[in-house]
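# Reading the structure
This is what each chain is made of:
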Number of protein chains: 2
Amino acid sequence: MTERVYMERNILQGNQAIAQENRNLLKKESILTMNVLSSPGAGKTTFLEKLLPKIKERFNVAVIEGDVATTLDSERIAAHGVHAVQINTHGACHLDAKMISGALKHFDLANFDMLIIENVGNLVCPAEFDLGEDLRIVLLSTTEGLDKVVKYPVAFRRADAVILNKIDLLPYLSFDVHQFKADVQRLNPNAPIFLISAVSGEGMEEWINWLQGKMEKV
Amino acid sequence: MTERVYMERNILQGNQAIAQENRNLLKKESILTMNVLSSPGAGKTTFLEKLLPKIKERFNVAVIEGDVATTLDSERIAAHGVHAVQINTHGACHLDAKMISGALKHFDLANFDMLIIENVGNLVCPAEFDLGEDLRIVLLSTTEGLDKVVKYPVAFRRADAVILNKIDLLPYLSFDVHQFKADVQRLNPNAPIFLISAVSGEGMEEWINWLQGKMEKV
(Lines give C-alpha, C1' and ligand atoms only; values in the text may rest on other atoms or scores of the structure.)
Protein backbone atom coordinates (compact mmCIF):
# COMPACT_ATOMS: atom_id res chain seq x y z
CA MET A 1 0.00 0.00 0.00
CA THR A 2 2.95 2.35 0.51
CA GLU A 3 3.31 3.16 -3.18
CA ARG A 4 -0.37 3.98 -3.44
CA VAL A 5 -0.28 6.26 -0.43
CA TYR A 6 2.74 8.08 -1.82
CA MET A 7 0.98 8.58 -5.13
CA GLU A 8 -2.07 9.92 -3.36
CA ARG A 9 0.08 12.41 -1.51
CA ASN A 10 1.47 13.73 -4.80
CA ILE A 11 -2.04 14.06 -6.20
CA LEU A 12 -3.18 15.88 -3.07
CA GLN A 13 -0.29 18.36 -3.21
CA GLY A 14 -1.00 19.15 -6.85
CA ASN A 15 -4.64 19.55 -6.00
CA GLN A 16 -3.90 21.94 -3.17
CA ALA A 17 -2.05 24.38 -5.44
CA ILE A 18 -4.93 24.55 -7.91
CA ALA A 19 -7.45 24.85 -5.06
CA GLN A 20 -5.57 27.92 -3.85
CA GLU A 21 -5.76 29.45 -7.34
CA ASN A 22 -9.52 28.81 -7.39
CA ARG A 23 -9.83 30.38 -3.95
CA ASN A 24 -7.90 33.50 -5.01
CA LEU A 25 -9.98 33.89 -8.16
CA LEU A 26 -13.29 33.48 -6.32
CA LYS A 27 -12.21 35.81 -3.54
CA LYS A 28 -11.25 38.49 -6.07
CA GLU A 29 -14.79 38.30 -7.46
CA SER A 30 -16.27 38.39 -3.92
CA ILE A 31 -17.93 35.03 -4.40
CA LEU A 32 -18.74 32.86 -1.38
CA THR A 33 -18.11 29.24 -2.28
CA MET A 34 -19.70 26.28 -0.58
CA ASN A 35 -18.72 22.62 -1.13
CA VAL A 36 -21.54 20.23 -0.21
CA LEU A 37 -20.59 16.66 0.74
CA SER A 38 -22.77 13.68 1.55
CA SER A 39 -23.37 10.03 0.80
CA PRO A 40 -25.34 9.27 -2.33
CA GLY A 41 -29.02 9.56 -1.58
CA ALA A 42 -28.65 11.75 1.51
CA GLY A 43 -30.63 14.43 -0.30
CA LYS A 44 -28.05 16.97 -1.51
CA THR A 45 -29.90 17.87 -4.71
CA THR A 46 -33.31 18.05 -3.02
CA PHE A 47 -31.69 20.23 -0.36
CA LEU A 48 -30.40 22.61 -3.08
CA GLU A 49 -33.79 22.57 -4.81
CA LYS A 50 -35.32 23.77 -1.55
CA LEU A 51 -32.56 26.29 -0.87
CA LEU A 52 -32.26 27.98 -4.26
CA PRO A 53 -35.79 29.44 -4.58
CA LYS A 54 -35.37 30.96 -1.10
CA ILE A 55 -32.05 32.67 -1.80
CA LYS A 56 -31.96 33.40 -5.51
CA GLU A 57 -33.85 36.69 -5.13
CA ARG A 58 -31.16 37.97 -2.78
CA PHE A 59 -28.05 36.38 -4.23
CA ASN A 60 -26.84 35.46 -7.71
CA VAL A 61 -26.04 31.82 -7.32
CA ALA A 62 -23.99 29.58 -9.61
CA VAL A 63 -24.03 25.82 -9.15
CA ILE A 64 -21.47 23.18 -10.10
CA GLU A 65 -22.80 19.63 -10.01
CA GLY A 66 -20.45 16.68 -9.65
CA ASP A 67 -21.60 13.28 -10.76
CA VAL A 68 -20.01 10.05 -11.89
CA ALA A 69 -21.96 9.67 -15.12
CA THR A 70 -25.22 11.60 -15.53
CA THR A 71 -26.52 15.16 -15.91
CA LEU A 72 -29.67 14.43 -13.90
CA ASP A 73 -28.74 16.76 -11.04
CA SER A 74 -27.78 19.81 -13.09
CA GLU A 75 -31.06 19.45 -14.99
CA ARG A 76 -32.95 19.50 -11.68
CA ILE A 77 -31.04 22.63 -10.62
CA ALA A 78 -31.35 24.39 -13.99
CA ALA A 79 -35.14 23.87 -13.79
CA HIS A 80 -35.05 26.43 -10.95
CA GLY A 81 -33.65 29.08 -13.30
CA VAL A 82 -30.15 28.82 -11.79
CA HIS A 83 -26.99 28.58 -13.90
CA ALA A 84 -25.66 25.07 -13.35
CA VAL A 85 -22.64 23.34 -14.86
CA GLN A 86 -22.28 19.58 -14.68
CA ILE A 87 -18.95 17.83 -14.16
CA ASN A 88 -18.92 14.14 -14.97
CA THR A 89 -16.01 12.45 -13.27
CA HIS A 90 -16.23 9.29 -15.45
CA GLY A 91 -15.91 6.98 -12.51
CA ALA A 92 -13.86 9.08 -10.09
CA CYS A 93 -15.50 9.28 -6.69
CA HIS A 94 -14.87 12.97 -6.00
CA LEU A 95 -14.35 16.35 -7.63
CA ASP A 96 -10.88 17.88 -7.63
CA ALA A 97 -9.68 21.46 -7.85
CA LYS A 98 -8.69 21.12 -11.52
CA MET A 99 -12.22 20.08 -12.48
CA ILE A 100 -13.57 23.14 -10.66
CA SER A 101 -11.03 25.37 -12.37
CA GLY A 102 -12.29 24.10 -15.74
CA ALA A 103 -15.94 24.51 -14.79
CA LEU A 104 -15.40 28.10 -13.59
CA LYS A 105 -14.58 29.08 -17.20
CA HIS A 106 -18.24 28.44 -18.04
CA PHE A 107 -19.42 31.25 -15.75
CA ASP A 108 -19.06 35.01 -16.07
CA LEU A 109 -17.91 35.28 -12.47
CA ALA A 110 -18.57 39.01 -12.23
CA ASN A 111 -22.30 38.19 -12.33
CA PHE A 112 -22.32 35.94 -9.28
CA ASP A 113 -21.92 36.28 -5.54
CA MET A 114 -22.37 32.68 -4.44
CA LEU A 115 -21.08 29.38 -5.83
CA ILE A 116 -22.48 26.10 -4.62
CA ILE A 117 -20.60 22.92 -5.50
CA GLU A 118 -22.48 19.66 -5.10
CA ASN A 119 -19.75 17.05 -4.81
CA VAL A 120 -20.04 13.43 -5.95
CA GLY A 121 -22.14 11.42 -3.50
CA ASN A 122 -19.48 9.96 -1.23
CA LEU A 123 -18.15 10.64 2.26
CA VAL A 124 -14.68 9.19 1.75
CA CYS A 125 -12.76 10.63 -1.21
CA PRO A 126 -14.27 14.16 -1.43
CA ALA A 127 -13.22 14.81 2.16
CA GLU A 128 -9.53 14.84 1.16
CA PHE A 129 -9.82 17.25 -1.77
CA ASP A 130 -9.90 21.00 -1.23
CA LEU A 131 -11.68 22.64 -4.16
CA GLY A 132 -10.97 26.23 -3.09
CA GLU A 133 -14.21 26.59 -1.15
CA ASP A 134 -14.87 28.97 1.77
CA LEU A 135 -17.34 26.65 3.44
CA ARG A 136 -17.59 22.92 3.55
CA ILE A 137 -21.04 21.60 4.37
CA VAL A 138 -21.48 17.96 5.33
CA LEU A 139 -24.96 16.55 5.08
CA LEU A 140 -26.04 13.29 6.70
CA SER A 141 -29.51 11.82 6.48
CA THR A 142 -31.25 10.15 9.40
CA THR A 143 -31.81 6.97 7.38
CA GLU A 144 -28.08 6.34 6.97
CA GLY A 145 -27.62 5.57 10.64
CA LEU A 146 -25.75 7.09 13.52
CA ASP A 147 -22.48 5.23 12.99
CA LYS A 148 -21.58 7.30 9.92
CA VAL A 149 -20.09 10.14 11.96
CA VAL A 150 -17.55 7.83 13.58
CA LYS A 151 -16.95 5.98 10.31
CA TYR A 152 -16.20 9.08 8.22
CA PRO A 153 -14.31 11.25 10.69
CA VAL A 154 -12.37 13.23 8.06
CA ALA A 155 -15.53 14.56 6.44
CA PHE A 156 -17.06 15.62 9.74
CA ARG A 157 -13.87 17.00 11.25
CA ARG A 158 -13.36 19.41 8.35
CA ALA A 159 -16.96 20.59 8.09
CA ASP A 160 -17.90 24.24 8.64
CA ALA A 161 -21.48 23.19 9.22
CA VAL A 162 -23.17 19.81 9.60
CA ILE A 163 -26.72 19.29 8.40
CA LEU A 164 -28.90 16.38 9.45
CA ASN A 165 -31.46 15.82 6.70
CA LYS A 166 -34.66 13.72 6.55
CA ILE A 167 -35.76 14.53 10.09
CA ASP A 168 -39.34 13.94 8.86
CA LEU A 169 -38.50 10.21 8.96
CA LEU A 170 -37.25 10.23 12.59
CA PRO A 171 -40.53 8.78 13.96
CA TYR A 172 -39.97 5.63 11.88
CA LEU A 173 -36.28 5.12 12.65
CA SER A 174 -34.13 4.34 15.65
CA PHE A 175 -31.86 7.36 15.19
CA ASP A 176 -30.65 9.10 18.36
CA VAL A 177 -30.35 12.82 17.54
CA HIS A 178 -28.79 13.59 20.92
CA GLN A 179 -26.05 11.02 20.34
CA PHE A 180 -25.54 12.32 16.78
CA LYS A 181 -24.91 15.83 18.07
CA ALA A 182 -22.51 14.54 20.72
CA ASP A 183 -20.58 12.49 18.14
CA VAL A 184 -20.27 15.44 15.76
CA GLN A 185 -19.23 17.81 18.53
CA ARG A 186 -16.54 15.45 19.75
CA LEU A 187 -14.94 15.48 16.29
CA ASN A 188 -15.67 19.09 15.52
CA PRO A 189 -16.70 21.31 18.46
CA ASN A 190 -17.05 24.46 16.34
CA ALA A 191 -19.34 23.36 13.53
CA PRO A 192 -22.98 24.33 13.99
CA ILE A 193 -25.47 21.49 13.49
CA PHE A 194 -28.75 22.07 11.67
CA LEU A 195 -31.66 19.63 11.68
CA ILE A 196 -33.71 19.86 8.51
CA SER A 197 -36.10 18.11 6.18
CA ALA A 198 -35.39 19.13 2.60
CA VAL A 199 -38.70 17.52 1.64
CA SER A 200 -40.95 19.32 4.14
CA GLY A 201 -38.78 22.44 4.46
CA GLU A 202 -38.58 22.12 8.26
CA GLY A 203 -35.44 23.75 9.70
CA MET A 204 -34.40 25.39 6.43
CA GLU A 205 -34.87 28.91 7.75
CA GLU A 206 -32.33 28.61 10.57
CA TRP A 207 -29.78 27.20 8.18
CA ILE A 208 -30.40 29.96 5.61
CA ASN A 209 -29.97 32.59 8.34
CA TRP A 210 -26.56 31.12 9.12
CA LEU A 211 -25.60 31.10 5.43
CA GLN A 212 -26.77 34.70 5.06
CA GLY A 213 -24.53 35.68 7.96
CA LYS A 214 -21.59 34.19 6.08
CA MET A 215 -22.56 36.13 2.94
CA GLU A 216 -22.43 39.39 4.84
CA LYS A 217 -18.80 38.75 5.72
CA VAL A 218 -17.64 38.18 2.11
CA MET B 1 -7.00 13.54 -16.47
CA THR B 2 -5.30 11.24 -19.00
CA GLU B 3 -2.45 10.38 -16.70
CA ARG B 4 -4.81 9.52 -13.90
CA VAL B 5 -6.92 7.28 -16.12
CA TYR B 6 -3.81 5.43 -17.30
CA MET B 7 -2.68 4.94 -13.74
CA GLU B 8 -6.10 3.58 -12.81
CA ARG B 9 -5.89 1.11 -15.68
CA ASN B 10 -2.57 -0.22 -14.39
CA ILE B 11 -4.02 -0.58 -10.92
CA LEU B 12 -7.05 -2.41 -12.28
CA GLN B 13 -4.91 -4.86 -14.28
CA GLY B 14 -2.77 -5.63 -11.23
CA ASN B 15 -5.92 -6.08 -9.20
CA GLN B 16 -7.43 -8.48 -11.71
CA ALA B 17 -4.49 -10.89 -11.51
CA ILE B 18 -4.70 -11.08 -7.70
CA ALA B 19 -8.50 -11.41 -7.85
CA GLN B 20 -8.05 -14.47 -10.06
CA GLU B 21 -5.63 -15.99 -7.52
CA ASN B 22 -8.20 -15.38 -4.78
CA ARG B 23 -10.89 -16.97 -6.93
CA ASN B 24 -8.76 -20.07 -7.60
CA LEU B 25 -7.91 -20.45 -3.92
CA LEU B 26 -11.53 -20.08 -2.80
CA LYS B 27 -12.77 -22.43 -5.51
CA LYS B 28 -10.26 -25.07 -4.45
CA GLU B 29 -11.69 -24.90 -0.94
CA SER B 30 -15.28 -25.04 -2.31
CA ILE B 31 -16.11 -21.68 -0.76
CA LEU B 32 -18.88 -19.56 -2.27
CA THR B 33 -17.81 -15.92 -2.08
CA MET B 34 -20.18 -12.99 -2.09
CA ASN B 35 -19.12 -9.31 -2.41
CA VAL B 36 -21.78 -6.94 -1.01
CA LEU B 37 -21.84 -3.37 -2.36
CA SER B 38 -23.95 -0.40 -1.33
CA SER B 39 -23.86 3.26 -0.37
CA PRO B 40 -22.97 4.02 3.24
CA GLY B 41 -26.05 3.67 5.37
CA ALA B 42 -27.99 1.48 2.96
CA GLY B 43 -28.03 -1.22 5.64
CA LYS B 44 -25.36 -3.74 4.60
CA THR B 45 -24.32 -4.63 8.15
CA THR B 46 -27.89 -4.84 9.45
CA PHE B 47 -28.66 -7.05 6.44
CA LEU B 48 -25.80 -9.38 7.38
CA GLU B 49 -26.89 -9.35 11.02
CA LYS B 50 -30.30 -10.61 9.87
CA LEU B 51 -28.85 -13.09 7.40
CA LEU B 52 -26.18 -14.76 9.52
CA PRO B 53 -28.37 -16.25 12.28
CA LYS B 54 -30.57 -17.78 9.58
CA ILE B 55 -27.76 -19.47 7.64
CA LYS B 56 -25.02 -20.15 10.15
CA GLU B 57 -26.56 -23.47 11.23
CA ARG B 58 -26.41 -24.74 7.67
CA PHE B 59 -23.19 -23.13 6.45
CA ASN B 60 -19.86 -22.20 7.96
CA VAL B 61 -19.63 -18.53 7.13
CA ALA B 62 -16.58 -16.27 7.24
CA VAL B 63 -16.99 -12.51 6.95
CA ILE B 64 -14.55 -9.84 5.77
CA GLU B 65 -15.57 -6.31 6.67
CA GLY B 66 -14.25 -3.35 4.74
CA ASP B 67 -14.26 0.07 6.33
CA VAL B 68 -12.36 3.31 5.98
CA ALA B 69 -11.38 3.68 9.61
CA THR B 70 -13.30 1.72 12.25
CA THR B 71 -13.90 -1.83 13.45
CA LEU B 72 -17.55 -1.16 14.34
CA ASP B 73 -18.96 -3.47 11.67
CA SER B 74 -16.78 -6.49 12.39
CA GLU B 75 -17.66 -6.15 16.08
CA ARG B 76 -21.36 -6.24 15.16
CA ILE B 77 -20.78 -9.37 13.04
CA ALA B 78 -18.55 -11.12 15.60
CA ALA B 79 -21.32 -10.62 18.18
CA HIS B 80 -23.29 -13.20 16.16
CA GLY B 81 -20.60 -15.82 16.74
CA VAL B 82 -19.25 -15.56 13.21
CA HIS B 83 -15.55 -15.29 12.39
CA ALA B 84 -15.07 -11.75 11.04
CA VAL B 85 -11.90 -9.99 9.90
CA GLN B 86 -11.83 -6.23 9.53
CA ILE B 87 -9.92 -4.46 6.77
CA ASN B 88 -9.34 -0.75 7.31
CA THR B 89 -8.57 0.96 4.02
CA HIS B 90 -7.19 4.13 5.70
CA GLY B 91 -9.14 6.44 3.46
CA ALA B 92 -9.42 4.34 0.30
CA CYS B 93 -13.01 4.09 -0.88
CA HIS B 94 -13.02 0.41 -1.81
CA LEU B 95 -11.48 -2.96 -1.07
CA ASP B 96 -9.07 -4.46 -3.58
CA ALA B 97 -8.04 -8.03 -4.30
CA LYS B 98 -4.71 -7.67 -2.47
CA MET B 99 -6.45 -6.64 0.75
CA ILE B 100 -8.69 -9.72 0.45
CA SER B 101 -5.68 -11.94 -0.23
CA GLY B 102 -4.12 -10.64 3.02
CA ALA B 103 -7.34 -11.10 5.01
CA LEU B 104 -7.77 -14.69 3.78
CA LYS B 105 -4.59 -15.64 5.66
CA HIS B 106 -6.52 -15.03 8.91
CA PHE B 107 -8.94 -17.87 8.16
CA ASP B 108 -8.45 -21.62 8.10
CA LEU B 109 -10.26 -21.90 4.79
CA ALA B 110 -10.85 -25.64 5.09
CA ASN B 111 -13.36 -24.85 7.85
CA PHE B 112 -15.62 -22.61 5.77
CA ASP B 113 -18.05 -22.98 2.90
CA MET B 114 -19.18 -19.39 2.48
CA LEU B 115 -17.30 -16.08 2.52
CA ILE B 116 -19.20 -12.80 2.70
CA ILE B 117 -17.26 -9.61 1.95
CA GLU B 118 -18.90 -6.37 3.04
CA ASN B 119 -17.25 -3.72 0.88
CA VAL B 120 -16.65 -0.09 1.89
CA GLY B 121 -19.90 1.88 1.70
CA ASN B 122 -19.71 3.36 -1.78
CA LEU B 123 -21.31 2.65 -5.15
CA VAL B 124 -18.55 4.16 -7.29
CA CYS B 125 -15.07 2.75 -6.64
CA PRO B 126 -15.92 -0.80 -5.40
CA ALA B 127 -17.78 -1.45 -8.65
CA GLU B 128 -14.51 -1.45 -10.62
CA PHE B 129 -12.58 -3.86 -8.39
CA ASP B 130 -12.99 -7.60 -8.72
CA LEU B 131 -12.09 -9.25 -5.42
CA GLY B 132 -12.32 -12.83 -6.65
CA GLU B 133 -15.97 -13.25 -5.68
CA ASP B 134 -18.50 -15.64 -7.22
CA LEU B 135 -21.46 -13.36 -6.59
CA ARG B 136 -21.72 -9.62 -6.47
CA ILE B 137 -24.72 -8.34 -4.55
CA VAL B 138 -25.76 -4.70 -4.87
CA LEU B 139 -27.99 -3.33 -2.18
CA LEU B 140 -29.95 -0.08 -2.52
CA SER B 141 -32.20 1.35 0.16
CA THR B 142 -35.52 3.01 -0.61
CA THR B 143 -34.47 6.20 1.22
CA GLU B 144 -31.60 6.86 -1.21
CA GLY B 145 -33.97 7.61 -4.07
CA LEU B 146 -34.73 6.09 -7.42
CA ASP B 147 -32.10 7.98 -9.43
CA LYS B 148 -29.23 5.95 -7.96
CA VAL B 149 -29.66 3.10 -10.43
CA VAL B 150 -29.11 5.43 -13.40
CA LYS B 151 -26.34 7.30 -11.57
CA TYR B 152 -24.29 4.23 -10.66
CA PRO B 153 -24.75 2.05 -13.74
CA VAL B 154 -21.48 0.11 -13.34
CA ALA B 155 -22.48 -1.24 -9.94
CA PHE B 156 -25.93 -2.35 -11.10
CA ARG B 157 -24.79 -3.69 -14.47
CA ARG B 158 -22.31 -6.09 -12.84
CA ALA B 159 -24.60 -7.32 -10.05
CA ASP B 160 -25.60 -10.96 -9.77
CA ALA B 161 -28.52 -9.96 -7.57
CA VAL B 162 -29.99 -6.59 -6.60
CA ILE B 163 -31.59 -6.09 -3.21
CA LEU B 164 -33.89 -3.20 -2.36
CA ASN B 165 -33.68 -2.66 1.40
CA LYS B 166 -35.78 -0.57 3.83
CA ILE B 167 -39.09 -1.43 2.18
CA ASP B 168 -40.69 -0.85 5.62
CA LEU B 169 -40.21 2.90 4.95
CA LEU B 170 -41.98 2.87 1.55
CA PRO B 171 -45.24 4.29 2.98
CA TYR B 172 -43.38 7.46 4.02
CA LEU B 173 -41.40 7.99 0.81
CA SER B 174 -42.08 8.76 -2.84
CA PHE B 175 -40.15 5.77 -4.16
CA ASP B 176 -41.59 4.01 -7.23
CA VAL B 177 -40.75 0.31 -6.89
CA HIS B 178 -42.11 -0.47 -10.36
CA GLN B 179 -39.81 2.12 -11.93
CA PHE B 180 -36.90 0.84 -9.83
CA LYS B 181 -37.35 -2.67 -11.20
CA ALA B 182 -37.63 -1.36 -14.75
CA ASP B 183 -34.44 0.72 -14.37
CA VAL B 184 -32.49 -2.23 -12.95
CA GLN B 185 -33.77 -4.61 -15.62
CA ARG B 186 -32.79 -2.22 -18.40
CA LEU B 187 -29.19 -2.22 -17.15
CA ASN B 188 -29.10 -5.83 -16.09
CA PRO B 189 -31.90 -8.05 -17.41
CA ASN B 190 -30.59 -11.20 -15.71
CA ALA B 191 -30.15 -10.11 -12.09
CA PRO B 192 -32.98 -11.14 -9.80
CA ILE B 193 -34.37 -8.31 -7.65
CA PHE B 194 -35.31 -8.90 -4.01
CA LEU B 195 -37.38 -6.50 -1.91
CA ILE B 196 -36.50 -6.72 1.77
CA SER B 197 -36.46 -4.98 5.11
CA ALA B 198 -33.37 -5.96 7.07
CA VAL B 199 -34.98 -4.38 10.16
CA SER B 200 -38.33 -6.23 10.03
CA GLY B 201 -37.03 -9.32 8.22
CA GLU B 202 -39.64 -9.03 5.45
CA GLY B 203 -38.49 -10.60 2.18
CA MET B 204 -35.39 -12.24 3.70
CA GLU B 205 -36.64 -15.78 3.12
CA GLU B 206 -36.94 -15.46 -0.67
CA TRP B 207 -33.45 -14.02 -0.85
CA ILE B 208 -32.00 -16.77 1.36
CA ASN B 209 -33.65 -19.41 -0.84
CA TRP B 210 -31.87 -17.91 -3.85
CA LEU B 211 -28.56 -17.88 -2.00
CA GLN B 212 -29.06 -21.47 -0.90
CA GLY B 213 -29.61 -22.44 -4.54
CA LYS B 214 -26.22 -20.93 -5.35
CA MET B 215 -24.61 -22.86 -2.48
CA GLU B 216 -25.87 -26.14 -3.91
CA LYS B 217 -23.99 -25.48 -7.15
CA VAL B 218 -20.60 -24.87 -5.51
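This text gives an overview of the structure that appears in the document.

Calculation notes
Throughout, a residue's number is its position along its own chain's written sequence, starting from 1. The order in which chains are written sets their letters, starting at A; the order in which ligands are written sets their numbers, starting at 1. Owing to the predicted nature of the model, reporting of local features is limited to residues with pLDDT of at least 70; listing and counting of side-chain atom pairs is limited to 80 or more, with chain, interface and lining totals taken over all residues. Working from all heavy atoms in the structure, the side-chain values ignore hydrogens and water. Buried residues are those whose accessible area, probed at 1.4 Å on protein chains only, stays under 20% of the maximum for their type, while exposed residues exceed 50% and partly exposed ones sit between those limits. To qualify as a helix, a DSSP run of H or I must reach at least 4 residues; to qualify as a strand, a run of E must reach at least 2; elements of each kind are numbered from the N terminus. This arc is built from the directions going out from the helix axis to the C-beta atoms. The contact criterion used is simple: two residues touch if any of their non-hydrogen atoms lie within 4.5 Å. Residues adjacent in sequence count toward polar contacts only when both atoms are side-chain atoms; beyond that, a polar contact is any pair of N or O atoms within 3.5 Å, and within protein one must be able to donate a hydrogen and the other to accept it. We count Lys and Arg on the positive side and Asp and Glu on the negative side, and we leave His and both chain ends out. By definition, a salt bridge exists where a carboxyl oxygen of Asp or Glu is found within 4 Å of a side-chain nitrogen of Lys or Arg. Reported buried area values correspond to the accessible surface (1.4 Å probe) lost by two parts on association, with both partners' losses combined. Throughout, the ten residues Ala, Val, Leu, Ile, Met, Phe, Trp, Tyr, Cys and Pro are labelled nonpolar, Asp, Glu, Lys and Arg are labelled charged, and all others, Gly among them, are labelled polar.

All names here are of chain B. Buried within helix α7 (residues 177-187) we find Val177, Phe180, Asp183 and Val184. Buried positions in α7, seen along its axis, are confined to an arc of 120° and lie on one side of it. Facing away from the buried side of α7 by over 90 degrees, the exposed positions are His178 and Arg186. Buried positions along α7 lie against β5 (135-141), α5 (148-151), α6 (153-157), β6 (161-165) and β7 (193-195). N-capping of α7 is provided by aspartate 176, with a side-chain oxygen placed 3.0 Å from the backbone N of histidine 178.

So, about the side chain of aspartate 67 of chain A. Relative to the elements of secondary structure, aspartate 67 of chain A occurs in strand β2 (residues 61-67). In this structure aspartate 67 of chain A is buried but unpaired, with lysine 151 of chain B as the nearest side chain of opposite charge at 4.2 Å. A polar contact of 2.6 Å, which involves the side chain of aspartate 67 of chain A, links it to the side chain of threonine 70 of chain A. Setting aside anything within four residues of it in sequence, one finds aspartate 67 of chain A in contact with Gln86, Ile87, Asn88, Thr89 and Val120 of chain A together with Lys151 of chain B.

Right, let's get into the interface of chain A and chain B. Counting residues at the interface gives 38 residues for chain A and 35 residues for chain B. Together, the buried faces of chain A and chain B total about 2,900 Å²; carbon and sulfur atoms form 62% of this surface. Here chain A is connected to chain B by 4 salt bridges. For aspartate 147 of chain B, the salt bridge goes to arginine 76 of chain A, with nearest N and O atoms at 3.9 Å. For the pair chain A and chain B, the interface holds 5 residue pairs in polar contact (both at pLDDT 80 or more). Listed by contribution, the elements that provide at least two residues to the side of chain A that touches chain B are α1 (2-28), α3 (72-78), α4 (97-104) and α5 (148-151) of chain A. The biggest single contributor to the side of chain A that touches chain B is α1 of chain A, with 4 residues. Its residues placed into classes, the side of chain A that touches chain B shows 18 nonpolar, 8 polar and 12 charged.

Geometric descriptors of this kind do not, in isolation, establish any biological role.
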